[in-house]
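Each chain is listed here by its residues.
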Amino acid sequence: MKVRITSKLLIILILTALVPLLIVGWVGYRSTLSISQIASEANREVAELAMSDSSAALSAELKTRLLALTERHAGDVNEILKQVQGDTVKLADLGTYLYNHAETLKRYALPSTYEPAPEHKSFGSRQENRNSWLAVFGNEVDEKGRVSKETLKEIQLTEYMDILFNSIAATNPYAVQMYINTAGQLSRGMPFVNGEFKWVDGPKQFSQAPDVTAFDFYYLADAEHNPDRGPAWTELYWDPAGLGWMVSSIAPVYRGDRVVAVTGIDITLDQIVKGILSLQVEQSGFAFLMSGTGQAIAFPERASEFLEFQGSFEGEFKRNEAFAHQLSKVRDPAFQRIVAAMGQGAHELTTYTDSKTGEEYFLAYHPIPVTGWSVAIAVPVREVIAPALLTNQKIEQSRERTAAMLNARAQSLVETFLWLLFGIVLALIPVALIFARSISRPIHTLAEGSRRVGAGDLGHRIQLHSGDEIEDLAATFNQMANDLQTKIDEIETANLELLELDQLKSKFISMASHELRTPLIAIQGYVDLIREGKGGEISADQRKMLDTVSRNATRLARIVAELLDISRIEENKLVLERMPVSLSRIVREIADEQQPYLDSRGHTLTLELAEDLPLVNGDLDRLSQVVINLLGNAVKYTPDGGQIKIGVQARDGQVHLEVTDNGIGIRQEDLGKLFKRFSTLGDITKHRTGKNEFMAGGTGLGLSIVQGIVQAHEGEIRVESEYGQGSTFHVILPIAADQTPLSDDSVVRPLRVRTADESAPAFKVIHFEQPEEPQIDLPEDQRLSILVVDDEADVITFTRDLLEERYTILSALTSATAIREAISRKPDLVLLDAWIPGISGYDICRTLKRNSNTKDTPIIIFTAATQQIDEQRAREAGADGFVTKPFRREQMIELIESFRGRG
């Protein structure tokens, strides 16, 4: 007995009347539970909001203050350093003038007295005066403390530096000492302590000093470390006079391209960092100064633990000792990233958490542009938000008391709701489960079967016995799957058959086209020879017959070319040799070329070519094929004395070509068949004239090829026609991105031969341009020897008959014979077929071009294949020329003679 789905649904609806009670009970239960949670969360949010607001206010205030402090201190230090650096540049400018114009100067008006100091292995000023001190060290001083005449001249030249030393000391309170150190081991300086001049015994103070150029204040300014020749700054070092840690602003002095000296100004660290060292934010916040390389320059002793410094703040001036504490190598990666940002000149306020203690810090930093240093301030976050933490603790205690009261009052209500809900659920669950399963299981089975069939498992069938409409639906679905499987099997069989037929068709077209071109060589060639009288005198009727044979051979070659083009278009293998070309120039050339054909039909051709037309990115030959085909169709389908117009314009970023005629037109019902293969439209009886009779038929491939060429150029072709009135063909091509036209000399143009009513090229002859083009050094009256290589004996016989009147012909039928004959007999030129069994013509060409005996012999590859890739293969193989079959005798001779030298 079947139970309908309607009955099942009715039972379910009756049962669902109890659902509202269940919902009300559940909602009440959940509401009761959430009362205390809401109250607790509300109190917590109040506490957190109060904490957040107070913390945010305190943090924002501190952040603003920290940013302002770092910016102010960085600006103060920057101004000091900028003034010192500017004075250093002045010293370098004076030194540069002195060394480059020494011959213009006399002896300084207030010179010092200099004497040897052999006990110090030095030479310099020993008598106290108001001038700068001087000391000469190292290998420029002999064992008796004497110096050379050249060094003495340099000493006297540098006395002029005292003028600027005194001037800077009077205007720059931060300059502790001005100096110049030279490549000749000469060191001159003028120190000031608290603004007062101080005399220094140079030879004694710098007793037995090493090479001057080894000190930071020299080699940091030389050409290797300072290629820009600008001012630079040293790292920290300990002052020999006991003034503490200092840095130097330095600048090079050049004579031509050679560093001859370095000028500098010393400033003690205390003078520029007093404000930084004494700065204290909150209880334990501190500031520190860092160089662009991560070197700590200045920080208070209370910052030593944070910066992990365990050394001494005192130093000793010996062997160029410098203060060395790299901040980029201390603490954790997070701190090192902050140091890296400071080294890159960043300006920011961020937070940093100590990975060891968990202490969180506000860390603000600002760059000092003139030196690349940075000022930083660190403050513990807990010191900033301490007042907010105290307030939050009081609020949290109040929240806990309120939550406890709400929980106690809601407990009884929660229990009541729980018992009620438990009873309702206990009663309804069994009934609901029984009816839900009776409906859901068949539906689930049906859905799973549909999924498997949809996924491709067409053999799957649904087995269902629910006794209702779902069982009928499953049976219908199974029948549908059976029908679908049958249809798919039929379609797959038909598709396999069609695929095999299409492959056979493409293979047949390629093979037939290739094989037809080879006999066409002999047909066309022998017809030309007979017409030229090579086989004896011929009558006028015989000549007329031969003309017919020649014309039809050319027609056959064109049909072969069209078949190959259609095959390439279908297989998406149409190769385009793109370049920026002028469509208007193509139209003019073709109009001139086809004018005799137009005159024979009495047609008038009008050209409407816009000025300054943009170039299109296209294949010159293929676009010419499009224009010739469209013009040829206009001539064919227009009665004698017709009007034909070709227009080219630029519109909407594209180039539009329009070919219009007043011919017989096309019926509207035939427009859809116009571009289909092997489709010919039009009334051929309307083309009779008094001069000739033209049949407008043909292969029916021309417009199909034109459409394929246009679409390969990402273009569009369409037609408008009114039957009996004429037609207009529209070709739309995209404008080239590169609007630079290629000159005729830069493009290898194949020689083209076209008949008056044919659009496809009959053959192609190309002389490849080579960097070192081979030449045949024989005069024009001396016969050339030509080796003809082809596996077809008829082709060799025909080529010999075609060329032996002018040349000595050698031959080879196999690749091995060809290589042997070329190397042993050394012909003047090799005419080589591309398709030879065994070693191909391309490989023969490569072999001969690598051989020392034949590498300079011109090689022409000729082939029945006409694809662009065959021409490219010939280029890559090293060929000097390329000819497609069939070819004409005069063009072949012209190509051969183009390799003959002027000797």
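Everything numeric in this text was worked out from a predicted model, so none of it was measured. (Residues numbered from 1 in each chain as written. Predicted model: local features only at pLDDT ≥ 70, side-chain atom pairs only at ≥ 80, totals over all residues. Heavy atoms only, no water.)

## Some words on the overall build of the protein
Okay, step 1: Looking only at helices and strands, the protein has 21 helices and 29 strands in total.
Okay, step 2: Across the 903 residues that make up the protein, the buried fraction comes to 46%.
Okay, step 3: Look at the contacts in the protein between residues 6 or more apart in sequence, and 67% of them connect residues 24 or more apart.
Okay, step 4: Per element, the accessible surface of the protein, about 46,100 Å² overall, is 53% carbon and sulfur. (Helix = DSSP H or I, 4+ residues; strand = E, 2+ residues; numbered from the N terminus. Buried < 20%, exposed > 50% of the residue type's maximum accessible area, 1.4 Å probe, protein only. Contact = heavy atoms within 4.5 Å. Areas by Shrake-Rupley, 256 points an atom, 1.4 Å probe, with all protein chains shown as cover.)

## A short note on the sheet that holds strand β19 (residues 643–651)
Okay, step 1: Strand order across the open sheet formed by 5 strands is β17-β19-β20-β22-β21, with mixed pairing between neighbours. In this open sheet, the two edge strands, each paired with only one partner strand, are β17 (604–609) and β21 (716–722). Across the sheet, the axes of successive neighbouring strands diverge by a mean angle of 15°, strand direction being ignored.
Okay, step 2: Pairing geometry for β21 and strand β22 (residues 726–734), over 7 bridges, is antiparallel. Residue pairing across strands places Arg718 opposite His730, the latter belonging to β22.
Okay, step 3: Here helix α16 (residues 702–712) sits on the sheet and contacts β21 and β22; the angle it forms with β21, its principal contact strand, is near 140°. (Pairing = 2+ DSSP bridges. Axes fitted to C-alpha atoms, helices over the stretch in contact; angles between N-to-C directions.)

## Topic: the packing of helix α13 (residues 583–593) against helix α15 (residues 620–636)
Okay, step 1: One way to put it is that α13 packs onto α15 with a least axis distance of 10 Å and a crossing angle of 50°. On the basis of their axis angle, the class for α13 and α15 is oblique. Handedness of the α13/α15 crossing: right-handed. Two secondary-structure elements touch here, α13 through Ile586, Val587, Ile590 and Glu593 and α15 through Leu620, Leu623, Ser624, Val627, Ile628 and Leu631. (Parallel < 35°, antiparallel > 145°, perpendicular 65-115°, else oblique. Left-handed = near helix turned anticlockwise from the far one by under 90°.)

## What to know about the nonpolar core
Okay, step 1: Membership of the largest hydrophobic core comes to 59 residues, with the highest contact counts inside it found for Leu66, Leu81, Met178, Leu289 and Ile368.
Okay, step 2: Here this core takes 12 residues from helix α2 (residues 19–100), the largest share from any one element.
Okay, step 3: Once residues within four sequence positions are removed from consideration, Leu66 is found in contact with Val281, Leu349, Phe362, Ala364, Ile377 and Val379. (Core = buried A, V, L, I, M, F, W, Y, C linked by side-chain atoms within 4.5 Å.)

## What to know about the packing of aromatic side chains
Each pair of aromatic rings is reported with the distance of its centres and the angle of its planes.
Okay, step 1: Inspection of every chain in the model, using the stated rule, returns 10 aromatic pairs.
Okay, step 2: Measuring from ring centre to ring centre gives 6.5 Å for Phe286 and Phe288, while their planes differ by 40°; the resulting arrangement is tilted. Of the two residues examined, Phe286 and Phe288, each falls in the buried class.
Okay, step 3: Chaining the aromatic ring pairs together yields one cluster made of Phe286, Phe288, Phe306, Phe335, Tyr352 and Tyr361.
Okay, step 4: Lying over the aromatic face of Tyr254, Arg229 brings its terminal NZ or CZ to 3.8 Å of the ring centre.
Okay, step 5: Across from the ring centre of Phe306, 4.5 Å away, lies the NZ or CZ of Arg331, which sits over that ring. (Phe/Tyr/Trp six-rings, centres within 6.5 Å; stacked < 30°, edge-to-face > 60°. Lys NZ or Arg CZ within 6 Å of the ring centre and 35° of its normal.)

## Overview of the side chain of Thr151
Okay, step 1: With respect to the helices and strands, Thr151 occurs in helix α3 (residues 149–158).
Okay, step 2: For Thr151, a relative accessible area of 4% gives the class buried.
Okay, step 3: Here the side chain of Thr151 touches Ser148 through a polar contact of 3.0 Å, side chain to side chain.
Okay, step 4: In this view, Thr151 contacts Val136, Glu140 and Leu186; residues no more than four positions away in its chain are not counted. (Polar contact = N/O pair within 3.5 Å; in protein donor to acceptor, adjacent residues only side chain to side chain.)

## A few points about the confidence of the model for the protein
Okay, step 1: Predicted confidence across the protein gives a mean pLDDT of 79, with 76% of residues reaching 70 or more.
Okay, step 2: Of the regions scoring below 50 in pLDDT, residues 316–320 engages in 13 contacts with residues more than four places distant in sequence or in other chains.
Okay, step 3: Predicted confidence is poor over residues 683–697, with pLDDT under 50, and the contacts of this stretch with residues over four places away or in other chains come to 28 contacts. (pLDDT = per-residue confidence, 0-100.)

## Notes on the packing of helix α18 (residues 815–825) against helix α19 (residues 841–850)
Okay, step 1: Where α18 meets α19, the closest approach of the two axes is 11 Å, and the angle between their N-to-C directions is 25°. Regarding the angle of α18 to α19, the classification is roughly parallel. As for the relative orientation of α18 and α19, their crossing is right-handed in sense. On the side of α18, the interface is formed by Ser815, Ala818, Ile819, Ala822 and Ile823, while α19 contributes Ile844, Thr847 and Leu848.
Okay, step 2: Taken together, the residues that form the contact of α18 with α19 break down as 6 nonpolar, 2 polar and no charged. (Nonpolar A, V, L, I, M, F, W, Y, C, P; charged D, E, K, R; others polar.)

## As for the pattern of salt bridges
Okay, step 1: Under the counting rule described, the total for this entry stands at 24 salt bridges.
Okay, step 2: As a salt-bridge pair, Lys849 and Asp880 come within 2.9 Å of each other at their nearest N and O atoms. Here Asp880 lies in the loop between α20 (868–877) and β29 (881–884) and Lys849 lies in helix α19, a separation of 31 residues in the sequence.
Okay, step 3: For the salt bridge of Arg875 with Glu871, the shortest nitrogen-to-oxygen distance reads 3.5 Å. Note that Arg875 and Glu871 are positioned in helix α20 at a spacing of 4 residues, about one turn of the helix.
Okay, step 4: Classification of Arg875 by relative accessible area gives partly exposed; the value is 30%.
Okay, step 5: Here Glu871 falls in the buried class, since its relative accessible area comes to 4%. (Salt bridge = Lys/Arg side-chain N within 4 Å of Asp/Glu carboxyl O.)

## Here we look at α19
Okay, step 1: When we look at burial in α19, the residues that qualify are Gly841, Tyr842, Ile844, Cys845 and Leu848. Projected onto a plane normal to the axis of α19, the buried residues spread over an arc of 160° and lie on a single side. (Arc of directions from axis to C-beta.)

## Quick word on unusual backbone geometry
Okay, step 1: Positive phi, close to 50°, is recorded for Lys121, a residue that is not glycine.
Okay, step 2: Examined against the element boundaries, Lys121 turns out to sit in the loop between β1 (114–117) and β2 (122–125).
Okay, step 3: Using a relative accessible area of 55% as the deciding quantity, one classes Lys121 as exposed.

## Things to note about the sheet that holds strand β12 (residues 296–298)
Okay, step 1: What the 5 strands build is an open sheet, ordered β12-β11-β15-β14-β13; its pairing is antiparallel. Each edge of the open sheet is held by one strand with a lone partner, namely β12 and β13 (348–353). Here the strands of the sheet are splayed against their neighbours by 35° on average, with no regard to which way each runs.
Okay, step 2: Across 2 bridges, strand β11 (residues 286–290) lies against β12 in antiparallel orientation.

## Brief notes about the environment of Tyr237
Okay, step 1: When you line up the elements, Tyr237 lands in strand β8 (residues 237–238).
Okay, step 2: Separated by 32 residues in sequence, Tyr237 and Leu269 place their C-alpha atoms 9.9 Å apart.

## Concerning the pairing of strand β9 (residues 245–255)
Okay, step 1: With 10 of 11 residues buried, β9 is to be regarded as a mostly interior element.
Okay, step 2: Pairing of strand β7 (residues 232–233) with β9, which is carried by 2 bridges, proceeds in the antiparallel orientation. Pairing of Trp233 across the sheet is with Ser249, part of β9.
Okay, step 3: The sheet contact formed by β9 and strand β10 (residues 258–268) spans 10 bridges and is antiparallel. Opposite Tyr254, over in β10, you have Val259 as the bridge partner.
Okay, step 4: Between β9 and β10, which pair antiparallel one after the other, the connecting turn spans 2 residues, and Gly256 there sits at a positive phi close to 70°.

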